[in-house]
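As a plain string of letters, each chain reads:
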Amino acid sequence: MAKIWDDMLKRMFSANPQHFLNWLAPNAVLLHELSSELKTQTLSGLQAQQPEETRDLTADLLYVILWYDVKIILHIEFQRRGDKEMGKRLWQYNTTATINKGMPVYSVVIYLRKDRKIEEPPYIEKLPNGNPLHIFFYEAIKLWELPTEVFLQPGMEGLLPLVTLTHDGKRREVVDEMIQHLVASHNNHLLSMAYTFAALVFDKPGEQQWLIERFEMYKKDLEESWAYQRILNEGLEKGLEKGLEKGQRETLRETLVGFLHVRYPMLVELSQEQIRGISEIKRLQEILNTVFSLQTAGEVEEYLLSLHDDATKN
């Protein structure tokens, strides 16, 4: 499901790029997007003096912006959790883009959830004797350290789905205000993202139920959103491409997990655990059909738990 998170954040940016610039590079103007595929020549190709051998580096987002009358590249990486190699990865992306495009590159990594493995900038490449060889500065933004007010300001509506991940974002009144702003600014298409991000922090049973009920009135908007449709269709497409029993089985699993990821994110882990030992395609299809027919998170949770009871009886 990591790709789903990446897609959501990339779509948030592409839908309201100026809102991101207002936050990350105030007074900057977006010019155009660059391909996220970066080519770098390998050492073997250099040593052999043969035609260039390349390997791909894939960044999350690369945009050319005009900042203080200078063209630069804004490079953004989104991370749900920490990565001890993040500094090195950013350094590789940054230097490759700088060499390929001939422009300075401003690299920013945005962390969604608090994690012990987060590496603090700068990244330092050292010689064997410990002396620094390269020192690379980048911006590391931890959403949980930001004041909630940052995303509630005018001109930041495209970032509203992230507000529950901020320092004081885990409050019911913040969710209410976020929804009001999204609806008032006609950004209903961001509701599914707002719901999914909120489910990361409202993770206790009572909180989950309240969150579900709060978004229930926007059920139609959620189901018509790109995220909902993409998740449900992606698994089917994969299965059709493979045309194999194994592909059909994985399609059903991915569709179930994807559906819950949008409607009831807090039940994703439970569903994965409960269907892990089920391999019969007919049975998986029955489970999927039943989950689709249920109306509340409580009903879905009760049904998923019953799967374990059925397996125990058998």
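The sections below set out a description of the structure shown in this document. (Residues numbered from 1 in each chain as written. Predicted model: local features only at pLDDT ≥ 70, side-chain atom pairs only at ≥ 80, totals over all residues. Heavy atoms only, no water.)

Quick look at the side chain of threonine 166
Residue position: threonine 166 is located in the loop between β9 (139-142) and α5 (172-184). A polar side-chain atom of threonine 166 sits 3.0 Å from a polar atom in the side chain of threonine 148. When near neighbours in sequence (up to four residues on either side) are disregarded, threonine 166 contacts Leu143, Trp144, Leu146, Pro147, Thr148 and Phe151. (Helix = DSSP H or I, 4+ residues; strand = E, 2+ residues; numbered from the N terminus. Polar contact = N/O pair within 3.5 Å; in protein donor to acceptor, adjacent residues only side chain to side chain. Contact = heavy atoms within 4.5 Å.)

Concerning the packing of aromatic side chains
In this structure the tally under the stated criterion is eleven aromatic pairs. Ring centres 6.3 Å apart and planes at 50 degrees place the aromatic pair phenylalanine 20 and tryptophan 23 in the tilted group. Linking phenylalanine 20 with tryptophan 23, this pair stays in helix α2 (residues 17-24), spanning three residues, or about one helical turn. Pair check on accessibility: phenylalanine 20 and tryptophan 23 agree, each one buried. Their ring planes at 65 degrees and their centres at 4.7 Å tell us that phenylalanine 259 and phenylalanine 292 sit as a pair that is edge-to-face. Of this pair, phenylalanine 259 sits in helix α10 (residues 245-263) while phenylalanine 292 sits in helix α12 (residues 281-293), and the two are 33 residues apart along the sequence. Classification of phenylalanine 259 by relative accessible area gives buried; the value is 3%. (Phe/Tyr/Trp six-rings, centres within 6.5 Å; stacked < 30°, edge-to-face > 60°. Buried < 20%, exposed > 50% of the residue type's maximum accessible area, 1.4 Å probe, protein only.)

Observations concerning the sheet that holds strand β1 (residues 29-33)
Across the sheet, five strands lie side by side as β1-β4-β5-β6-β9; this open sheet has mixed pairing. Looking at which strands have only one partner, the edges of the open sheet turn out to be β1 and β9. Along the sheet, successive strands turn relative to each other by an average axial angle of 30 degrees, direction set aside. Pairing of strand β4 (residues 61-67) with strand β5 (residues 70-79) involves seven bridges; the strand directions are antiparallel. Among the inter-strand pairings, tyrosine 63 is bridged to a residue of β5, identified as leucine 74. Seen against the sheet, helix α4 (residues 86-101) touches β5 and β6 (105-111) and runs at an angle of roughly 150 degrees to β5. (Pairing = 2+ DSSP bridges. Axes fitted to C-alpha atoms, helices over the stretch in contact; angles between N-to-C directions.)

Let's talk about the pairing of β6
By the criterion of burial, β6 is predominantly enclosed, with seven of the seven residues buried. Residues of β6 alternate between two faces, with Val105, Ser107, Val109 and Tyr111 on one and Tyr106, Val108 and Ile110 on the opposite face, all of them buried. Examined bridge by bridge, β5 and β6 share seven bridges and lie parallel to one another. Bridge pairing in β6 links phenylalanine 78 to isoleucine 110. With α4 bridging β5 and the parallel β6, this β-α-β connection has right-handed handedness. Of the pairings in the sheet, the one linking β6 to β9 comprises four bridges and is parallel in character. Considered in β9, the bridge of valine 108 is made with glutamate 139. (Right-handed = clockwise from strand over helix to strand, strands pointing away.)

Structural notes on the nonpolar core
Core analysis: the biggest nonpolar cluster contains 77 residues, and Trp23, Leu143 and Phe197 have the highest contact counts within it. Among the elements that make up this core, the one with the highest residue count is helix α6 (residues 191-201) (nine residues). With near-sequence residues (within four places) excluded, phenylalanine 197 lies in contact with Trp5, Met8, Leu9, Met12, Leu112, Pro161, Leu162, Thr164 and Leu165. Grouped together as the second largest cluster of nonpolar side chains are eleven residues, Leu34, Leu62, Val64 and Ile73 included. (Core = buried A, V, L, I, M, F, W, Y, C linked by side-chain atoms within 4.5 Å.)

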